[in-house]
Amino acid sequence: MGIRTGAQYIEGVKSRNPEVWLAGRRVSNVYEEPVFQAPIHQIAKLYDLQHDPKVQEKITHVCAESEERVSNAFLVPKSYQDLEARRGTFEEFAKATYGLMGRTPDFLNVVVTSMASNSEFLDKYNPEWGRNIRNYYKYIRDNDLFLTHAIINPQNDRSKASHEQQDMYTHLGAVKETPEGLVVRGAKMLATLAPITDEVIVYSFPGFKPGDERYALAFALPIDTPGLRIICREAMQDGKRSVYDHPLASRFEEMDAVLVFNDVLVPWDRVFLYNNVEAANLLYPKAGIAQQPAHQSGVRGLIKLQFATEVACKIADSIGVDVYLNVQNDLGELVQSVETIRALLRVAEYEHEVTASGEVMPAYAPLETIRGLLPTMYPRAIEVMQIIGAGGLLMSPTDADFENPELRGDLDRYYVGKEGVPSEDRVHLFKLAWDLCGEAFGQRLLQYERYYTGDPIRKRAIFYNNFKRKDSFELVEDALKIYDTKNELINN
Ligand SMILES: Cc1cc2nc3c(=O)[nH]c(=O)nc-3n(C[C@H](O)[C@H](O)[C@H](O)COP(=O)(O)OP(=O)(O)OC[C@H]3O[C@@H](n4cnc5c(N)ncnc54)[C@H](O)[C@@H]3O)c2cc1C
Ligand SMILES: Nc1c(O)cccc1C(=O)O
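In this text the structure is predicted, and so the values were computed from the model without any measurement.

> Please clarify how the overall build of the protein chain should be interpreted in this entry.
Each helix and strand in the protein chain was counted, giving 18 helices and 14 strands. Relative to the 2.2 N^0.38 estimate, which gives 23 Å for 492 residues, the radius of gyration of the protein chain is 25 Å and therefore close to what a compact globule would have. Based on the C-alpha atoms only, the size of the protein chain along its principal axes is roughly 85 × 75 × 50 Å. Residue pairs at least 24 apart in sequence account for 75% of intrachain contacts in the protein chain once pairs closer than 6 positions are excluded.

> Can you help me understand the site of ligand 2 in this one?
In the vicinity of ligand 2, the contacting residues are Arg 103, Phe 107, His 149, Ile 151, Ile 152, Phe 205, Tyr 284, Arg 371, Tyr 452, Thr 453, Gly 454 and Lys 459. In this structure, Arg 103 approaches ligand 2 through a side-chain N or O atom, which is 3.4 Å from an oxygen atom. The protein chains hide 94% of the 290 Å² of surface that ligand 2 would expose on its own. For the shell around ligand 2, the residue count by class is six nonpolar, three polar and three charged. For the shell around ligand 2, the domains that each give at least three residues are domain 1 (6-286) and domain 2 (291-474).

> So what exactly am I meant to see when it comes to a nonpolar patch on the surface here?
There is a patch of nonpolar side chains on the surface, built from Tyr 464, Phe 467, Phe 473, Val 476 and Leu 480 and spanning about 460 Å² of accessible area. Of all elements in the fold, only α16 (456-470) and α17 (474-481) reach the threshold of two or more residues within the nonpolar patch. Structurally, the position occupied by Leu 480 is in helix α17. On the basis of relative accessible area, Leu 480 is assigned to the partly exposed category, the value being 49%.

> Is there a simple way to explain the packing of aromatic side chains in this structure?
Aromatic ring pairs are reported here in terms of the distance separating the ring centres and the angle at which the planes meet. This model, assessed by the stated rule, comprises 17 aromatic pairs. Ring geometry for Phe 74 versus Tyr 137: centroids 6.3 Å apart, planes at 55°, classification tilted. Here Phe 74, found in the loop between β4 (69-71) and α4 (80-96), pairs with Tyr 137, found in helix α7 (residues 127-143); they are 63 residues apart in sequence, far enough to count as distant. Ring centres of Tyr 448 and Tyr 452 lie 5.3 Å apart, and the angle between their planes is 10°; this geometry places the pair in the stacked category. For the pair Tyr 448 and Tyr 452, a shared accessibility class is recorded, and that class is buried. An aromatic cluster is defined as three or more aromatic residues linked by ring pairs; in this entry it consists of Tyr 9, Tyr 47 and Phe 146.

> Is there a simple way to explain the nonpolar core in this structure?
General note: in soluble globular proteins, nonpolar side chains tend to be found buried as a group. Within the largest apolar cluster, 128 residues are counted, with the highest numbers of intra-cluster contacts made by Tyr 9, Phe 36, Tyr 203, Phe 261 and Leu 436. No fewer than three residues from each of domain 1 (6-286) and domain 2 (291-474) sit in this core. For Leu 436, the contacting residues outside a window of four places in its chain are Leu 100, Leu 248, Phe 307, Ala 308, Val 311, Tyr 378, Ile 382, Met 385, Gly 442 and Leu 445. In terms of nonpolar packing, the next biggest core, distinct from the first, is built from five residues, Tyr 244, Phe 402, Leu 411 and Val 427 among them.

> How should I be thinking about the domain arrangement of the protein chain in this particular structure?
By a widely used convention, the size of an interface equals the accessible area lost when the partners come together. As assigned here, the protein chain comprises domain 1 (6-286) and domain 2 (291-474). In this structure, domain 1 and domain 2 have C-alpha centres spaced 25 Å apart. Summed over the shared surface of domain 1 and domain 2, the number is five salt bridges. Across the pair Asp 245 and Lys 431 runs a salt bridge whose closest N-O atoms are separated by 3.2 Å.

> Teacher, can you tell me more about empty space enclosed by the protein here?
To locate leftover empty space, one rolls a probe as large as a water molecule over the atoms. The tally for this structure, following the rule as stated, stands at two cavities of 30 Å³ or more. By volume, the largest cavity is sized at about 40 Å³. Around the largest cavity, the lining residues are Tyr 47, Gln 50, Ser 71, Ala 73, Phe 93, Pro 105, Asp 106, Asn 109 and Asp 144. Among the elements that line the lining of the largest cavity, the one with the most residues is helix α5 (residues 105-117), at three residues. For the lining of the largest cavity, the class distribution of residues is four nonpolar, three polar and two charged.

> I keep staring at the pairing of strand β9 (residues 217-222) and nothing clicks. Help me out?
The side chains of a regular strand alternate between both faces of the sheet. The buried fraction of β9 amounts to five of the six residues, a majority that puts the element mostly inside the structure. Bridge count for strand β8 (residues 199-202) against β9 is four bridges, and the pairing is antiparallel. Bridge pairing in β9 links Ile 201 to Ala 220. Two elements, β9 and strand β12 (residues 271-274), share three bridges in a ladder whose sense is antiparallel.

About the thresholds
Residues numbered from 1 in each chain as written. Chains lettered and ligands numbered in written order. Predicted model: local features only at pLDDT ≥ 70, side-chain atom pairs only at ≥ 80, totals over all residues. Heavy atoms only, no water. Helix = DSSP H or I, 4+ residues; strand = E, 2+ residues; numbered from the N terminus. Rg over C-alpha atoms; globule rule 2.2 N^0.38 Å. Contact = heavy atoms within 4.5 Å. Near = heavy atom within 4 Å. Polar contact = N/O pair within 3.5 Å; in protein donor to acceptor, adjacent residues only side chain to side chain. Areas by Shrake-Rupley, 256 points an atom, 1.4 Å probe, with all protein chains shown as cover. Nonpolar A, V, L, I, M, F, W, Y, C, P; charged D, E, K, R; others polar. Domains from an automatic or database assignment. Patch = residues over 30% accessible without salt bridge, like charges linked within 9 Å, V, L, I, M, F, W, Y side chains within 5 Å. Salt bridge = Lys/Arg side-chain N within 4 Å of Asp/Glu carboxyl O. Buried < 20%, exposed > 50% of the residue type's maximum accessible area, 1.4 Å probe, protein only. Phe/Tyr/Trp six-rings, centres within 6.5 Å; stacked < 30°, edge-to-face > 60°. Core = buried A, V, L, I, M, F, W, Y, C linked by side-chain atoms within 4.5 Å. 1 Å grid on protein atoms, 1.4 Å probe; cavity = no way out; pocket = protein on both sides within 12 Å on 5 of 7 lines; lining within 4 Å. Points joined across faces, edges and corners; volume = space filled by probe spheres on them. Pairing = 2+ DSSP bridges.

Next comes the structure, spelled out in structure tokens:
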């Protein structure tokens, strides 16, 4: 099949009936559900991009193995040019959603591609695991599938390991082996976009302790597998809000969900890791799934930070405050943040690493630096937007008010911005800003930037320890040499 159209993606959504729970009710038809209609439409637009002659060559390629056109997210990069080609896909997808949808299909497509291209890691433990992920990669590539993932245990007692929780199966674990496959029970979080995806992949993220063997799992299933329950968080928009009043929240709500597995059968050919704590802790750092997906999330994060920066600049300009030094200072800081992430991405690509198998990976240090900076840079952009918008963010009337002839005169007169900025434009801009810096929708986007790739605190600690392990500290060592033969050197 190769690249899907938006209509084909929608047909996939319509063909399934996953067990989705939303606001106390079982969703009987995901496609008809108002909360999901806009995000489904946005994802369908991404699939249609793959058929747009203006960008098709940039974001897809003809797969040498299948001879079908597939997304560049399925590329196993073998050159700097391949990284540039893959970046092109990430950029087009991110620009289409202003970077506000983090888990678009390209993200997990890269994860599975990396896990498959580095599956020698799994072969060492069990050749069937490596074979299964390589077959799964081909399956999702050739069918152009959209995955969600849930790799974090639900937030229960973080001071205890999975096997020490009050209930043995609070965290997802293997119950028993059967001839057909593994039966699993328990929960995982936080499967973003799960209700509108084709499949779910569960894989391990470091943190397993001895005794956690049953929880050391990696597998993939169709999203409507019997026994898999998807429990959504409270929706941040009901699918009926006016696009004028909520230009972003009305379109880009990225639902998050807890996945509950009620004795779900995972066929053996979908098991990628099981019952091995060492393998579970090393999968993330050793199977390319720390570095390669960070390329996608770095490009996406750049577009999102750039978008928030532009919004802050536009609201400042619209009310004439960017003539003041303090405002210029804050906005200049945001622009320099964008430039920092952009430069780090280019360095990560330019200073790429080549694995023993010849796979090209963007450099670890700049990518991890992006992961460490976005959790502070993006919230800062939101804070600057709030500071500049000030009370103007709470001035905005609604679309309906503008429609009311009795009010229209006042609105046109008293809601203008600076000269040349009519009321309706000013209000529309401030509403867009409010979606980002005031609404629950915007607060989720901020929380996403903090935690989408794990706990930034612990990740930065891992980054420092990797640096300490690898760095030679040669400048300090050299400076200290002056005291090795103190008299001779100082007198020279
Ligand atoms: C909007 C959003 C979307 C997400 N989408 C996905 C997704 O699609 N798939 C997915 O798998 N995950 C997803 N996540 C989950 C994300 O991976 C986690 O939020 C992240 O890994 C942090 O874990 P946590 O939220 O459970 O925080 P916790 O680990 O519970 O941390 C809570 C607090 O306690 C501290 N803490 C906890 N444990 C320790 C420790 N051992 N040492 C020191 N400090 C500690 C942390 O620093 C933090 O301050 C998403 C998260 C968000 C916010
Ligand atoms: N995708 C991730 C996640 O959901 C949790 C923690 C880390 C990641 C990641 O890809 O780095």
